[in-house]
Amino acid sequence: MKLKNYFKFLTPDMKVSLFIISILVVILALYKPLIAFFGILVLIYLVYYYFKDMRIRKEEWTMYVEGLEEKFNSLTERAVFNMPVPLIIIEEDGTINWYNTKFLTMVEEEILNKKIGDLIPGIKIEDIFDQEDKRPIEVRFKEKYYKIYYNMVDNKKMTISKKSIAMLYWIDNTDFILLKERYIDEDTIVCIAQVDNYDEVRGNTDEVNRPIVFAEIDKNINAFASSINGFVRKYENDKYMIIFENKYLNRLESKKFHILDRIREIDLGNKIPITLSMGIGINGKTPNESYEYAKAAIDIALGRGGDQAVLKDNDKLSFYGGKTKAVEKRNKVKSRVISHALRQLIDQSEEVFVMGHKNADMDSFGAGIGILRAVKNRNKKGYLVLKGSNPSIKNIYDRMMKEEPEYLDAIITPEEALAMANRSSLLVVVDNHKPSFTEEPKLLNMIDKVVIIDHHRRGAEFIKNPILIYLEPYASSACELVTEILYYMTDKMELTRFEADALLAGISVDTKNFTYQTGVRTFEAASFLKRAGADTTSVKQLFKDDYHTYILKADVVKNAFIVHDKIAISRLEENIDDSVLIAAQAANDLLNINGVMASFVLTLTNGKVHISGRSLGQISVQLILEKLGGGGHLTSAGTQLNDITIDEAEKMLIDSIDKFLKEGEEE
């Protein structure tokens, strides 16, 4: 490197030579002016020659560079036009300014100055010009899949046009997408199917017809599995496991799992309809994980009353069916088992907390009073967690304060419960299974042993890891379940008149005075309470309204309107403390109108829109309000909507009703 610099230093430079000659001419002029004159002439000639030579060299270099640029541009243009990847240049409005041969071959039509959105509907221009991270866009065009990469030129950098432009590179991604779809299609789906009422069907079918009925069930389930190229194995009298590929799942969902209808339609001597529940586990990382999802899904399906399919995809749940009333189970073995198990849990605990749902109603309060009686009979300390009275329980709460002084110390606030509870305590949740709906959700995290007693259909939200679950959607109320538990807990269960009235009031309010969701066991529970001292006249007094409340209910009924010729919708505009109670009672009153099969009443409470839904049984208000984040029963349900006006909530309700009825027509 040093040698190269040395030779470069010795290489003559014209500027240096002229500078040296100029110095010599000046020195010569001092001694020999005449000779210096000729030297000046020679110097002028050399300077002229130098600049002339420089100009010629510059012109030659410019011509060389221009020729090289022309060759480069020609080569670049030829390379771009013949690239194996389709290319286009578009403006901000989607106008195509330029395209290469590959793109023209791809679209097979004249496209210059056309809009890219008109040519390829799947592409969105805003996704290109608005994205900061320049993520590739995936589109489908003519049975092929493309991943589009792009470069943008900002309009500030443009000299000709003020519009921003983008060059799009279309990479054929078809092989990868097809491989991905094949991988997804071949994923293993695990399904557990169970006949909900196997014992009831067996007991109510003549012995000569039983083999035919159960053979028909097997035949239908095997035919269902064959239709989706699945593998089926019966591992118990009423349980089946079906393995099939994911590609058949969309077909089953579109048909709303028609196997449920086929099983229900079996009529070969069975005196009651046969119902089937299915739990489907999808997208598990392993077959075992999909199986665990399926087990959880079938538990949810049975907890919601059966006759439905539940899909579990990690934490996401989807429901199909469940539009029929849960069949009452006459076998009381489970009630006896639950009663004995609860008795043992109470005996093993120092203190027992009982908690219902927020804004306790008569059923929640009555069930809580019943569990407190069970705790007292086992000589344990029991507490009912309650924030205080509300319009739904005001009458019975006031009666308790006046006539039952022993309960004054048993009613505690959520704050007091949090201060008293510990890991060894027992918590019994009644008339609810959703953590967010409990009086104090934090209490669930403080107590390890949690028992659930509920009659609502199981929803996606559920208390984690309960030690004992008694969830029976067939039951009329939580008070009915608690009454049966009390019946089996000891040989002689002594109830006070107040306790019997509270339990009977809970049954009465949820059955609308033994009109809806009432079975044989409901009357048996009422009979037990009547023998314990319950007074129907006293219970009736608990449901009396004041004059103002009665007028408000009448206004709600008066202002109702009918949709689809069978569903009544109204609203309670006045924002008062007992608006939810009035809305629920008004919804019940609307069912007394001829032709009305379901009713909904909207009202404002604490800045939220509350919707109460009631039905005669032909329309599931539960499924309608589940679409709005609520839940409940086939004939009684509710939901609350946040950050929304009552007009917007009414529109959402009507949309949910339309969707529900449309799904019913498709089935």
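About the criteria used
Residues numbered from 1 in each chain as written. Predicted model: local features only at pLDDT ≥ 70, side-chain atom pairs only at ≥ 80, totals over all residues. Heavy atoms only, no water. Helix = DSSP H or I, 4+ residues; strand = E, 2+ residues; numbered from the N terminus. Rg over C-alpha atoms; globule rule 2.2 N^0.38 Å. Buried < 20%, exposed > 50% of the residue type's maximum accessible area, 1.4 Å probe, protein only. Contact = heavy atoms within 4.5 Å. Areas by Shrake-Rupley, 256 points an atom, 1.4 Å probe, with all protein chains shown as cover. Lys, Arg positive; Asp, Glu negative; His and termini not counted. Charge placed at Lys NZ, Arg CZ, Asp CG, Glu CD. UniProt positions renumbered as here; feature names shortened; annotations may be inferred. Pairing = 2+ DSSP bridges. Axes fitted to C-alpha atoms, helices over the stretch in contact; angles between N-to-C directions. Salt bridge = Lys/Arg side-chain N within 4 Å of Asp/Glu carboxyl O.

Draft legend 1. View of the overall build of the protein chain. On a plain count of helices and strands, the protein chain comes out with 25 helices and 23 strands. For 667 residues, the compact-globule estimate of 2.2 N^0.38 gives 26 Å, and the C-alpha radius of gyration of the protein chain, at 41 Å, exceeds that figure by more than 25%. Judged by the C-alpha coordinates and their principal axes, the protein chain covers about 150 × 60 × 55 Å. Residue burial in the protein chain is summarised as follows: out of 667 residues, 46% are buried. Once local pairs closer than 6 in sequence are excluded, the contacts in the protein chain between residues at least 24 apart make up 63%. A total accessible area of about 35600 Å² is found for the protein chain, and carbon and sulfur atoms account for 54% of it. Averaging the locations of the 88 positively and 98 negatively charged side chains of the protein chain gives two centres separated by 5 Å.

Draft legend 2. Geometry of the environment of Lys530. For Lys530, the position within the fold is in helix α20 (residues 520-531). Separated by 30 residues in the primary sequence, Lys530 and Ala500 place their C-alpha atoms 7.4 Å from one another. Residues within four places of Lys530 in sequence aside, it is in contact with Asp535 and Thr536.

Draft legend 3. Spotlight on the UniProt feature "domain: DDH" (unreviewed entry) in the protein chain. Here, UniProt's "domain: DDH" (unreviewed entry) annotation points to residues 352-507. Within residues 352-507, the helical portion is 39% and the strand portion 17%, while the C-alpha atoms at the span's ends are 24 Å from each other.

Draft legend 4. Focus on unusual backbone geometry. For Lys142, which is not glycine, the phi dihedral falls at a positive 50°. Within the secondary structure, Lys142 sits in the loop between β3 (137-141) and β4 (144-153). One non-glycine residue with positive phi stands out, namely Asp565, at about 65°. By the element assignment, Asp565 lies in the loop between β18 (561-563) and β19 (567-572). Looking at Asp565, the relative accessible area reads 72%, which means it is exposed.

Draft legend 5. Looking closely at the sheet that holds β19. Spatial ordering of the open sheet is given by β18-β19-β20-β21-β23-β22, a layout of 6 strands whose pairing is mixed. Unpaired on one side and paired on the other, β18 and β22 (631-632) mark the two borders of the sheet. Alignment of β19 against strand β20 (residues 598-605), held across 6 bridges, turns out to be parallel. By the bridge assignment, Ser570 is partnered in β20 with Val601. Taken strand by strand, helix α23 (residues 579-590) contacts β19, β20 and β21 (608-615), and its axis lies near 165° from that of β20.

Draft legend 6. Representation of the pattern of salt bridges. Applying the stated rule across the entire model yields 25 salt bridges. The partner of Glu650 in a salt bridge is Arg571, with the nearest N and O atoms 3.0 Å apart. Here Glu650 is found in helix α25 (residues 646-666), whereas its partner Arg571 is found in strand β19, with 79 residues between them in sequence. Owing to a relative accessible area of 18%, Arg571 belongs among the buried residues under this scheme. When salt bridges with common partners are traced through the structure, they connect Arg571, Glu573, Asp647 and Glu650 into a single cluster.

Draft legend 7. Up close: the UniProt feature "domain: DHHA1" (unreviewed entry) in the protein chain. In the numbering adopted here, UniProt assigns the feature "domain: DHHA1" (unreviewed entry) to residues 566-663. The span residues 566-663 shows a helical share of 37% and a strand share of 31%, and its end C-alpha atoms are spaced 17 Å apart.

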